[in-house]
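A structural walkthrough
Letter by letter, the chains look like this.
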Amino acid sequence: MVTAIVHIKAEVDRIPEVAQTIAEIQGVSEVYSITGEYDLLAMVRVAAYEAIAEVVPGRINKVAGVLQTETHIAFRAYSKHDLEAAFSIGFPEAD
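Residues numbered from 1 in each chain as written. Predicted model: local features only at pLDDT ≥ 70, side-chain atom pairs only at ≥ 80, totals over all residues. Heavy atoms only, no water.

- Under an unreviewed UniProt entry, the name given to the chain is Lrp/AsnC family transcriptional regulator, and the organism recorded is Nonomuraea mesophila.

See below:
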């Protein structure tokens, strides 16, 4: 699995709508509103590097209200995020 972190600048008055539209794109696992230079952060998880081109410039950049994106591709994970728990029904167990 290939993970890309996409920082997104959006039209301020459209941030909730833009976030919801991006969250519905296949390959986008999460969308967060964030502070700082960018308005949103999208986690893209796809099977192959080539699929990032389909998701980011092919879909995310075309969402009405998206002004700019900056994409970072993750090479290696140093802490394991339990994706099975994240996508299962219910809440993960507390530590």
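Description of the sheet that holds strand E2 (residues 28-33)
- Pairing is antiparallel across the open sheet formed by four strands, whose spatial order is E2-E3-E1-E4. Single-partner strands in this sheet number two, and they are E2 and strand E4 (66-73). If you compare each strand with its neighbour and ignore which way they point, the axes differ by 20° on average.
- Sheet analysis places strand E1 (residues 2-10) next to E4, joined by seven bridges and oriented antiparallel. (Pairing = 2+ DSSP bridges. Helix = DSSP H or I, 4+ residues; strand = E, 2+ residues; numbered from the N terminus. Axes fitted to C-alpha atoms, helices over the stretch in contact; angles between N-to-C directions.)

What about the pattern of salt bridges?
- Here the structure, examined in full by the defined rule, presents three salt bridges.
- Between Glu37 and Lys9 there is a salt bridge; the shortest N-O distance is 3.7 Å. In this pair, Glu37 is assigned in the loop between E2 and strand E3 (40-46) and Lys9 in strand E1, connecting sequence segments 28 residues apart.
- The exposure class assigned to Glu37 is exposed, which follows from its relative accessible area of 57%.
- On the basis of relative accessible area, Lys9 is assigned to the partly exposed category, the value being 23%. (Salt bridge = Lys/Arg side-chain N within 4 Å of Asp/Glu carboxyl O. Buried < 20%, exposed > 50% of the residue type's maximum accessible area, 1.4 Å probe, protein only.)

Observations regarding the environment of Tyr38
- Topologically, Tyr38 is positioned in the loop between E2 and E3.
- Given the relative accessible area of 8%, Tyr38 is considered buried.
- Each C-alpha atom of the pair Tyr38 and Lys9 lies 4.9 Å from the other, and the pair is 29 residues apart in sequence.
- Sequence-distant contacts of Tyr38, defined by excluding residues within four places in its chain, comprise His7, Ile8, Lys9, Gln68 and Glu70.
- Looking at Tyr38, its side chain comes within polar contact range of the side chain of Glu70, at 3.0 Å. (Contact = heavy atoms within 4.5 Å. Polar contact = N/O pair within 3.5 Å; in protein donor to acceptor, adjacent residues only side chain to side chain.)

Side note on a nonpolar patch on the surface
- On the surface, a cluster of nonpolar side chains totalling about 380 Å² of accessible area is made up of Tyr49, Ile73 and Phe75.
- Looking at the secondary structure, you find Phe75 in the loop between E4 and helix H3 (83-87). (Patch = residues over 30% accessible without salt bridge, like charges linked within 9 Å, V, L, I, M, F, W, Y side chains within 5 Å. Areas by Shrake-Rupley, 256 points an atom, 1.4 Å probe, with all protein chains shown as cover.)

Some thoughts on the nonpolar core
- Counting residues in each nonpolar core, the largest one holds 22 residues, and the members touching the most others are Ile8, Ile22, Val28, Val44 and Ile60.
- Looking at this core, the elements with two or more residues in it are E1, helix H1 (15-23), E3 and helix H2 (49-55).
- The residues touching Ile22, leaving out its near neighbours within four places in the chain, are Ile8, Val28, Val31, Ala42, Ile60, Val63 and Val66. (Core = buried A, V, L, I, M, F, W, Y, C linked by side-chain atoms within 4.5 Å.)

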